[in-house]
Amino acid sequence: MKSDVAPAAVDVAIVGAGFSGTTMAAQLVRRGLSVALVEGHGRAGQGIAYSTRDPVHLLNVPAAKMSAWPEQPDDFVDSGHDSTAFAPRREFGAYLGAILVAAVAAGVKLVAGQAMSAVREAGTWQVALADGSRLAARALVLAQGNQPPEPMRVGDGIDAALFVNNPWGPEAQAAVARLVATGGDALILGTGLTMVDMVLSLDAAGHQGRILALSRRGQMPRGHAPHEAMPVDWDEVPQGDVRALTKWLRARSGSGWRGAVDALRPHAQALWRRFDAGQQRRFLRHARPYWDVHRHRIAPQVAARLKDLIGEGRLVLGNPVRRIAEDLCARLTVLLDLGLGYLTLERSTPTLSPGELQRFGPFEARRHRPRRQPFAAEHEPQDNKKRTRSAARPG
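Residues take numbers from 1 onward in each chain, read along the sequence in its written order. Per-residue local features are limited, in this predicted model, to residues with pLDDT of at least 70; the limit for side-chain atom pairs, both in listing and counting, is 80 or more; totals at the level of whole chains, interfaces and linings are taken over all residues. Remark: hydrogens and water are excluded; side-chain values derive from all non-hydrogen atoms of the structure.

### Focus: the layout of surface pockets
When its volume is computed, the second largest pocket comes out at roughly 1,500 Å³. Lining residues are defined by having an atom within 4 Å of a point belonging to a cavity or pocket. Those points lie on a 1 Å grid over the protein atoms alone, cavities being sets where a 1.4 Å probe fits but cannot get out and pockets being open sets with protein on both sides within 12 Å along at least five of seven lines. In terms of lining residues, the second largest pocket is bounded by 43 residues, among which Ile188, Leu189, Gly190, Thr191 and Met195 are the most central. Its residues assigned to classes, the lining of the second largest pocket shows 26 nonpolar, 10 polar and seven charged. Grid points are joined across faces, edges and corners, and a volume is the space filled by probe spheres set on the points. Under the convention adopted here, Pro, Cys and the residues Ala, Val, Leu, Ile, Met, Phe, Trp and Tyr are nonpolar, Asp, Glu, Lys and Arg are charged, and Gly plus all remaining residues are polar.

### Here's the deal with the sheet that holds strand 9 (residues 315-318)
DSSP calls a pair of strands paired once it identifies at least 2 bridges connecting them. Here a helix means four or more residues in a row that DSSP labels H or I, a strand means two or more in a row labelled E, and each is numbered from the N terminus. Read from one edge of the open sheet, three strands run 7-8-9, paired in parallel fashion. With one partner strand each, in any of the chains shown, strand 7 (186-189) and strand 9 form the two edges of the open sheet. When strand polarity is set aside, the average angle formed by the axes of neighbouring strands in this sheet is 20 degrees. Two elements, strand 8 (residues 211-214) and strand 9, share four bridges in a ladder whose sense is parallel. Among the inter-strand pairings, Ala213 is bridged to a residue of strand 9, identified as Leu317. Note on contacts: a residue pair is in contact if any heavy atoms of the two residues lie within 4.5 Å. The axes used here are C-alpha line fits, helices contributing only the stretch in contact, and every angle between their N-to-C directions lies in the interval 0 to 180 degrees. Sitting on the sheet, helix 5 (residues 193-204) is in contact with strand 7, strand 8 and strand 9, with an inclination near 160 degrees to strand 7.

### Remarks on empty space enclosed by the protein
Tallying each qualifying case throughout the model produces one cavity of 30 Å³ or more. Quantified by volume, the largest cavity comes out at close to 30 Å³. Forming the walls of the largest cavity are Val199, Leu202, Asp203, His207, Gly209, Ile211, Leu309, Arg314 and Leu315. With three residues, helix 5 is the largest single contributor of residues to the lining of the largest cavity. Split into classes, the residues belonging to the lining of the largest cavity amount to five nonpolar, two polar and two charged.

Listed below in structure tokens is the structure:
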């Protein structure tokens, strides 16, 4: 019986031409396979991370560890980079671009288009593109990388010029230029690597306003620093339990947390697979934020610049959950100091008695004192903290 499906045009179709897609295509064409590389965002050979043109956006690891070829570990260094330096990401993008040019010359077919769907029919993958055409292949690789974030509900009703949903798009660049021109303050939701990029871009462009970065835990990526390697065998690592693994990692970190964290890198995927669904959810909810900021570190000079900005009061990291808890504890402390600790939410009377109200008299003036500006005391220079404390002393 004759199939109505067109014969496979290529051995492998790769969707996404960032770092993973580009290096995959280059490796496969070296092995004599026919490859089609589909890219729909105009970033072929770079992807989001390495398409930045901002020179202050640096690699997060030194050049010596950035070769695209495992069998040629010095390839990136040999292209003109100091092995210990954290090179600008745009330079690594140029390096990947050269690899793509060579791969295309060797036979990789670069397809400019948006892949919309992929269906397996009669042993062949049929990839539908946005222009209505189809690409057939015997094997399919999805290398889409990070996609533009979904719109956040908190931004509903806010002028699009004031709420930037995609930090990697042209609207973000326009927002940076506008903030530099007006000197206005910036609010960034999230305190991870993308926040670091945005802060560096604002700083390099001459922004003089304050930047407030908020996240649930207020954690920021740590910086790289020299450390001793602490390799560990697979059998030594607790498996299948997040709490046990965390306890073990903390104990090892006493000799240096960077070495302890890096020692888990060869085992990370296997450890994840040993977690059942419940343990995976526990890791994502409780442990991942702390793992990310210690595992995915930033260049030392970037960490130093962020520290300077915090010291100058231009960058403020906020943890709203902690502040709510602190405010609640302060309110409860007042009740305890007034001898009203017996009050409960289950109390049948919704109001206080006259006697109970009288106890609030000495505290009434507090309601009329100027409220301290939110986040003002976090990360202040030391001399400012001293002035804040001395001003609060009676007399």
